[in-house]
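Secondary and tertiary structure notes
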Amino acid sequence: MKRRNPAEVMVPQAWIGLMKGQARRAGRRMSPMAETARDVASHRFEDARIWAAPKLDSAAHSVEDQIAPMVSAFLAEMSRRVDVTPRRRARRWPVLALLTGVAIGAVGVMMYRSNSRRWSDTMKDTMGEGVSDATRWAEDRAEETAGKASKKSDDISGKTS
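Residues numbered from 1 in each chain as written. Predicted model: local features only at pLDDT ≥ 70, side-chain atom pairs only at ≥ 80, totals over all residues. Heavy atoms only, no water.

1. With respect to the overall build of the protein
Counting its regular elements, the protein contains three helices and zero strands. In sequence order, the secondary structure elements of the protein are arranged as α-α-α. When each of the 161 residues of the protein is scored for burial, the buried share is 7%. (Helix = DSSP H or I, 4+ residues; strand = E, 2+ residues; numbered from the N terminus. Buried < 20%, exposed > 50% of the residue type's maximum accessible area, 1.4 Å probe, protein only.)

Rendered as C-alpha cells:
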C-alpha cells in the first residue's frame, strides 16, 4: 500500500493569530459551564454508584444461593458419569511417594553418616587427642539417626505390605 502525503494548507500568519484569540475568548466563556457540567456529572456518577451497589450485592447473593449450587451439583454429577477409572488406583500414588521419600531420606542419612566420619577423622588428625570426645559424640548421633531412619522405613514398609 502506498501512503499518500497529506495535503498542506497554506494559512496566513494573521489568520492563525486571529484564531488563537477567538479560541481564548471561547475558552473563557465555556470554563464556567464546563465546571458546572463536571460537578453535575460527578454527582450523577456518585448517585449511580449508590443505587447500583445494593443491586449488585443482592444479585451476587442470589447467584451464590440459587444458581451456584445447581451448577455445582450438575458438574459433580457429570464428572461422576464421565469418570471411568476405578477408585482403588488412586491409593498407589501417595504410598509410592511416601516410600520414595523414605528411600531418599535413608540415602541422605547414609551420606550424612559417611561425611560425619570423614569430617571427624580429619578433625582428629588436625587437632590431636582433644577432639576424640567430639568424634565419638558425632558418630553416636549419626548411628542413632541411621537407626531411627531404618526403623521408620521398616515400620512404613510393614504397613504398606
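2. Some details on helix H1 (residues 13-82)
Look at H1: only 79 Å from first C-alpha to last across 70 residues, short of the 104 Å you get at 1.5 Å a residue. Along H1, the sharpest change in direction is near 40 degrees and occurs at isoleucine 67; proline proline 69 comes one to four residues later. (Expected span 1.5 Å × (residues − 1). Bend = angle between axes of the 7 residues up to and from the residue.)

3. A few points about the confidence of the model for the protein
For the protein, per-residue confidence averages 82 on the pLDDT scale, and 83% of positions sit at 70 or higher. When mean pLDDT is compared element by element in the protein, H1 scores highest at 88, while helix H2 (residues 92-127) scores lowest at 81. (pLDDT = per-residue confidence, 0-100.)

4. Some details on a nonpolar patch on the surface
A cluster of nonpolar residues, Val63, Ile67, Met70, Val71, Phe74, Leu75 and Met78, forms a patch on the protein surface that exposes about 650 Å² of accessible area. For phenylalanine 74, the location among the structural elements is in helix H1. (Patch = residues over 30% accessible without salt bridge, like charges linked within 9 Å, V, L, I, M, F, W, Y side chains within 5 Å. Areas by Shrake-Rupley, 256 points an atom, 1.4 Å probe, with all protein chains shown as cover. Salt bridge = Lys/Arg side-chain N within 4 Å of Asp/Glu carboxyl O.)

5. A word on the pattern of salt bridges
The final tally for this structure, using the stated rule, is four salt bridges. Arginine 141 serves as the salt-bridge partner of glutamate 144, at 2.9 Å between the closest nitrogen and oxygen. With glutamate 144 and arginine 141 both in helix H3 (residues 132-160) and three residues apart, this pair spans about one turn of that helix. Each of Glu77, Arg80 and Arg81 takes part in a single network of salt bridges with overlapping partners.

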